[in-house]
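Chain by chain, the residues:
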Amino acid sequence: MRALEVEEFGGPEKLKVRDVPKPEVGEYEILIKTAYAGLNFTDIYRSRGDYKNSPTYPTPLPYRLGVEGCGWVEAVGKGVTRIKAGDRVAFTRVHGSQAEYAAIPAIRATKLPDQVSFKRGIAIMSHGITAHYLAHDAYPLELGSKCLIHAAAGGVGQLLVQLAKKQGAEVFGTVGSREKVEIAKARGANHVIEYSKVDFRDEIMRITDGAGVDVVYDSVGKDTLIKSLNSLRLRGFCILYGHASGLVKNFDVLELAEAGSVFLTRPHLQHYVPTEEAYQARALDLLAWLQDGTIDVTIDRVFQLEEAADAIDFLASRQSKGKVLYEVFGEGQKSKF
Ligand SMILES: NC(=O)c1ccc[n+]([C@@H]2O[C@H](COP(=O)([O-])OP(=O)(O)OC[C@H]3O[C@@H](n4cnc5c(N)ncnc54)[C@H](OP(=O)(O)O)[C@@H]3O)[C@@H](O)[C@H]2O)c1
């Protein structure tokens, strides 16, 4: 079968579609025939070795890419009861989904109702579950909370804006272009700041009369962190959940005191879905909200596995505005089970 792998850390040129054996299903695993696999920033981080010392997200070489996917269940392990062959499922927090077949832990699979397409189902997995824990747990938003969401027209960003609004928050979003301003507004952001043109911290302070926001959700990292901290109210919270502009290095903790005795955390998704129950509860909330219209998703571009370098460039160069997918067998391929 075809699978996207890296044999050594580096840029997109290191990614290769290789011919590898179809995986065997373990006792608590299910074997998936892949319809689509999601592309996420974590694939970029992992393929260039950002997480090479991470016990949470180990990256042994050669590394088969892909943390997210959807497709048909072809076989189930002896210990699996909730899922059966022929089910349509979507999943995240796995390894090796960017392949024709993937053997994944059954606890990660969420069954898709017939009326939810694979593309829409997969779009609420990594991005949706991340937005869910950010809005409800990393900093629990409530009526009147003021939150700043960077990259508000991005994949996670669009979902986080919608969940923040659902919680009753006043949403400030930053975006990198005029077109993205309209996207963030359409998702419900109250104030959208084009941070390539104006200083977002000055804008936040102007709009809040110098008070600052309760929380900043920062996925940009190196280019924004210090200003994010300085956009907070006294003792506010910064959730640094990604580093699209580069890793934050040599951070001086006195910055936290100087910004107003603020708090900073750098969460991994894994720690907000430590059990099957926690994982499935978030996924099922998102599926329900997708079906009742509380949230919507944007499917942006669909690439082939052989186009991995172009797909990564598209995501990494700020062109994407929603979910980026690899088509493997695709939506229309009927299961033979
Ligand atoms: N910790 C977790 O649990 C977790 C889980 C999933 C994802 N994430 C993080 O969530 C973030 C968003 O992921 P996504 O897939 O939805 O991507 P995305 O937000 O659609 O794309 C990244 C966006 O970041 C902004 N950006 C600002 N400066 C950038 C730079 N120098 N290079 C590249 N992008 C830059 C761009 O938006 P503008 O043009 O609008 O600035 C870009 O479109 C990523 O940082 C990812 O690591 C974290």
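Being a predicted model, the structure only gives us computed values, none of them experimental. All residue numbers refer to positions counted from 1 along the written sequence of the respective chain. Per-residue local features of the predicted model are confined to residues with pLDDT of at least 70, and side-chain atom pairs are confined, for both listing and counting, to 80 or more; whole-chain, interface and lining totals are unaffected and use all residues. Side-chain metrics rest on all non-hydrogen atoms present in the structure, leaving aside hydrogens and water.

Digging into the packing of aromatic side chains
Here is step 1 of the chain: Aromatic rings from Phe, Tyr and Trp, taking only the six-membered ring of Trp, are treated as a pair when their centres fall within 6.5 Å; an angle between ring planes under 30 degrees marks them as stacked, one over 60 as edge-to-face, and anything in between as tilted. In the structure shown here, the tally under the stated rule is 10 aromatic pairs.
Here is step 2 of the chain: Between tyrosine 195 and phenylalanine 200, the ring centres sit 6.4 Å apart and the planes meet at 65 degrees, which makes this aromatic pair edge-to-face. Residues tyrosine 195 and phenylalanine 200 agree in their burial class; the two are buried.
Here is step 3 of the chain: Where phenylalanine 237 meets phenylalanine 263, the ring centres are 4.8 Å apart and the plane angle is 10 degrees; that geometry is what we call stacked. With phenylalanine 237 in strand β13 (residues 232-240) and phenylalanine 263 in strand β14 (residues 263-265), this pair connects stretches of sequence that are 26 residues apart.
Here is step 4 of the chain: Throughout, exposure labels follow a simple rule: accessible area from a 1.4 Å probe, protein chains only, divided by the maximum for the residue type, with under 20% read as buried, over 50% as exposed, and the rest as partly exposed. The class of phenylalanine 237 is partly exposed, set by a relative accessible area of 28%. For helices the rule is a DSSP run of H or I covering at least 4 residues; for strands it is a run of E covering at least 2, with both sets numbered from the N terminus onward.

Side note on the site of the ligand
Here is step 1 of the chain: Taken together, 28 residues sit near the ligand, with Tyr45, Tyr133, Lys180, Tyr195 and Arg318 positioned nearest.
Here is step 2 of the chain: Polar contacts here mean pairs of N or O atoms no more than 3.5 Å apart (in protein, one a potential hydrogen donor and the other a potential acceptor; neighbouring residues in sequence count only if both atoms are side-chain atoms). At 3.0 Å, a backbone N or O of proline 267 approaches a nitrogen atom of the ligand.
Here is step 3 of the chain: Arginine 318 has a polar side-chain atom sitting 2.7 Å from an oxygen atom of the ligand.
Here is step 4 of the chain: Surface exposure here means Shrake-Rupley accessible area, sampled with a 1.4 Å probe, where a residue is shielded only by the protein chains that are shown. Protein contacts shield 91% of the accessible area of the ligand, which totals 910 Å² for the unbound molecule.
Here is step 5 of the chain: Secondary-structure elements contributing two or more residues to the shell around the ligand are α1 (41-48), α3 (126-138) and α4 (155-166).
Here is step 6 of the chain: A domain assignment, automatic or from a database, supplies the domain bounds used here. Counting only domains with at least three residues in the shell around the ligand, you end up with domain 1 (2-124 + 297-327) and domain 2 (127-269). Consider each residue's heavy atoms; a residue with any of them within 4 Å of a molecule or strand counts as near.

What to know about the domain arrangement of the chain
Here is step 1 of the chain: Taken domain by domain, the chain comprises domain 1 (2-124 + 297-327) and domain 2 (127-269).
Here is step 2 of the chain: Domain 1 and domain 2 are separated by 28 Å when their C-alpha centres are compared.
Here is step 3 of the chain: We call two residues in contact whenever any of their non-hydrogen atoms come within 4.5 Å of each other. Every contact between the two is made by 21 residues of domain 1 and, on the other side, 21 residues of domain 2.
Here is step 4 of the chain: We define buried area as the total accessible area lost by two parts upon association, computed with a 1.4 Å probe and summed across both. Counting each side, the surface lost to burial between domain 1 and domain 2 is near 1,600 Å², with a carbon and sulfur contribution of 52%.
Here is step 5 of the chain: Salt bridge, as applied in this entry: a Lys or Arg side-chain nitrogen positioned within 4 Å of an Asp or Glu carboxyl oxygen. One can count one salt bridge joining domain 1 with domain 2.
Here is step 6 of the chain: In this structure, lysine 321 and glutamate 179 form a salt bridge, with 3.8 Å as the shortest nitrogen-oxygen distance.
Here is step 7 of the chain: Joining domain 1 to domain 2, the criterion identifies 10 residue pairs in polar contact (both at pLDDT 80 or more).
Here is step 8 of the chain: With three residues, the single largest contributor to the side of domain 1 that touches domain 2 is α1.

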